[in-house]
Amino acid sequence: MISIPFRRGLVVAALLLGAQAIAVPVSAQEDAAAIARGGRLYDRFWGENKAAKPTTDHQAYPHKGGQYGKDVSWRCKECHGWDYLGKDGAYSSGGHATGIKGINGAAGRDPAAIAALLRAAPHGYTEAQLSARDVSDLALFVSKGQVDMMKFLDYPAKKARGDVAKGKTYFTTLCAGCHGDDGKKVQGAPPLGSIQNPQEMLHKVINGQPGEAMPSLRALDTQISVDLVAFMLTLPQR
Ligand code: HEC
Ligand code: HEC
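Rules of the game
- Within any chain, residue numbers begin from 1 and follow the written order of that chain's sequence.
- Chains carry letters from A onward and ligands carry numbers from 1 onward, assigned in written order.
- Note on the predicted model: pLDDT of at least 70 is required for a residue's local features to be given, and 80 or more for side-chain atom pairs to be given and counted; whole-chain, interface and lining totals, by contrast, use all residues.
- To obtain the side-chain values, all non-hydrogen atoms of the structure were included, while hydrogens and water were left out.
- The donor set covers N, O and S atoms within 2.8 Å of the metal, switching to 3.2 Å for Na, K and Ca, and it leaves out water, so a site may look short of donors.
- Any site counts as irregular unless it has four donors with all angles between 85 and 135 degrees, making it tetrahedral, or four or six donors with opposite ones more than 155 degrees apart and the rest between 65 and 115, making it square planar or octahedral.
- Helix numbers and strand numbers start at the N terminus; a helix is a DSSP run of H or I with at least 4 residues, a strand a run of E with at least 2.
- Summary of the burial criterion: residues with accessible area below 20% of their type's maximum are buried, those above 50% are exposed, and those between are partly exposed, where the area comes from a 1.4 Å probe applied to protein chains only.
- The rule for a residue being near a molecule or strand is that one of its heavy atoms must lie within 4 Å of it.
- Under the rule applied, a polar contact is a pair of N or O atoms within 3.5 Å (in protein, one hydrogen donor and one hydrogen acceptor; residues adjacent in sequence only if both atoms are side-chain atoms).
- Throughout this entry, Asp, Glu, Lys and Arg are counted as charged residues, while Ala, Val, Leu, Ile, Met, Phe, Trp, Tyr, Cys and Pro are counted as nonpolar. The remaining residues, Gly among them, count as polar.

Now for the coordination of the iron atom of ligand 1. Only H80 (NE2) and H123 (NE2) from the protein reach the iron atom of ligand 1 as donors, at distances of 1.9 to 2.0 Å. Of note is the iron atom of ligand 1, whose six donor atoms meet at the metal with angles of 87 to 180 degrees in an arrangement that counts as octahedral. A residue pair is termed long-range when its members are at least 10 positions apart, and H80 in helix α3 (residues 76-80) and H123 in the loop between α4 (111-119) and α5 (132-144) qualify at 43 residues. There is no split in this pair, since H80 and H123 are both buried.

Put into structure tokens, the structure is as follows:
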């Protein structure tokens with residue numbers, strides 16, 4: 001018993017007491033971190049897990065030798081969108097359009113079934129690219145981590161349905177230590193205001209930035225992340 005880690009000990013104690021109400025929030029907290037990690041892998045897996053950057057086009061990518069680089073064709077977001085809606089979302093047209101459907105139809109599906117999809121055709125991710133844990137986190141993200149971006153963002157206007165003043169308060173207290181009040185402090189990174197892509201911003205604020213110490217706001221009310229996006233869209237673009 002002594003060697004049981006603290007949190008698992010709590011679950012065991014809860015089960016012994018038959019007190020499931022205690023056990024459920026413990027596993028939910030663990031899930032939130034795993035789901036957020038899955039979201040960062042969805043963004044750019046080799047930035048998060050330090051796997052080798054791909055050097056050939058993904059077999060299912062329609063724009064072979066395309067303008068964004070061969071590695072980009074392996075990012076989940078490149079085929080399925082920052083908004084998870086694929087051809088029915090922000091990537092319905094423009095240079096990133098692939099005609100591939102979103103992952104929204106897989107929300108709520110058994111994570112084991114989603115994990116199996118990632119190893120099989122058309123995906124074919126190898127163990128060297130995505131470990132068992134990586135695939136498990138990605139599957140949790142797909143099953144439980146998707147946000148309905150159309151509800152929170154105004155697509156035609158490229159704006160967020162958020163409160164800019166609240167977003168500024170959140171930003172200056174939570175984010176400016178690394179990013180600066182003007183979004184330009186991270187060395188070698190483009191100004192945050194230059195992104196002007198609310199879907200990309202919202203995904204990154206909720207899940208964090210691959211491989212960086214940046215926090216994930218997944219455990220907080222989604223509207224906080226939306227308010228932050230509304231504010232970041234007003235930051236200087238250069
Ligand atoms: C190069 C393009 C491409 C990339 C990159 C890609 N996928 Fe897919 N994905 C597809 C295609 C094509 C399908 C099949 C779509 C269909 O059936 O019409 C698919 C299907 C899926 C489905 C099933 C959707 C459904 O409604 O049944 C899920 C879930 C999924 N992908 C998740 C991912 C995840 C997670 C990643 C990143 C690890 C990823 N995909 C990367 C092309 C891609
Ligand atoms: C511990 C430092 C740290 C904190 C705190 C932090 N970030 Fe970041 N963030 C980074 C780094 C480093 C990057 C990567 C910059 C790059 O390479 O473009 C990044 C990237 C981003 C990006 C994507 C930029 C891009 O060009 O792709 C967004 C959006 C962002 N952060 C928003 C936020 C918001 C909003 C907060 C507060 C809730 C926040 N960050 C807090 C360090 C931090």
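Continuing now.
Further remarks concern unusual backbone geometry. At the junction of A121 and P122, the peptide bond is cis and its omega measures out at 5 degrees in the coordinates. Secondary-structure assignment places P122 in the loop between α4 and α5. Backbone geometry at K50 places phi at a positive 65 degrees, although glycine is not the residue there. Position of K50 relative to the elements: it lies in the loop between α2 (20-49) and α3. Assessed through its relative accessible area of 61%, K50 is described here as exposed. The backbone of Q196 shows a phi angle near 45 degrees, a positive value even though the residue is not glycine. Note on Q196: relative accessible area 23%, which makes it partly exposed.

What follows concerns the site of ligand 2. The environment of ligand 2 is made up of 18 residues, and the closest members are C175, C178, H179, A189 and M214. The separation between a nitrogen atom of ligand 2 and a polar side-chain atom of H179 is 2.8 Å. Sorting the residues of the shell around ligand 2 by element identifies α7 (164-179), α8 (198-207) and α9 (222-232) as the ones contributing at least two each. Looking at the shell around ligand 2 element by element, the count peaks at four residues for α7. Per-class residue counts for the shell around ligand 2 are 14 nonpolar, two polar and two charged.

Next up on the list: the coordination of the iron atom of ligand 2. The iron atom of ligand 2 binds to the protein through H179 (NE2) and M214 (SD), with metal-donor distances spanning 1.9 to 2.1 Å. Viewed at the metal, the six donor atoms of the iron atom of ligand 2 are separated by angles of 84 to 179 degrees, and the geometry they form is octahedral. Of this pair, H179 sits in helix α7 while M214 sits in the loop between α8 and α9, and the two are 35 residues apart along the sequence. Assessed through its relative accessible area of 17%, H179 is described here as buried. Judged by its relative accessible area of 28%, M214 falls in the partly exposed class.

Surveying the vicinity of ligand 1 reveals 22 residues, the closest of which are C76, C79, H80, R109 and H123. A distance of 3.2 Å separates an oxygen atom of ligand 1 from a polar side-chain atom of K101. Here R109 contributes a side-chain N or O atom positioned 3.0 Å from an oxygen atom of ligand 1. The greatest single-element share of the shell around ligand 1, amounting to three residues, is contributed by α3. The class makeup of the residues in the shell around ligand 1 is 14 nonpolar, five polar and three charged.

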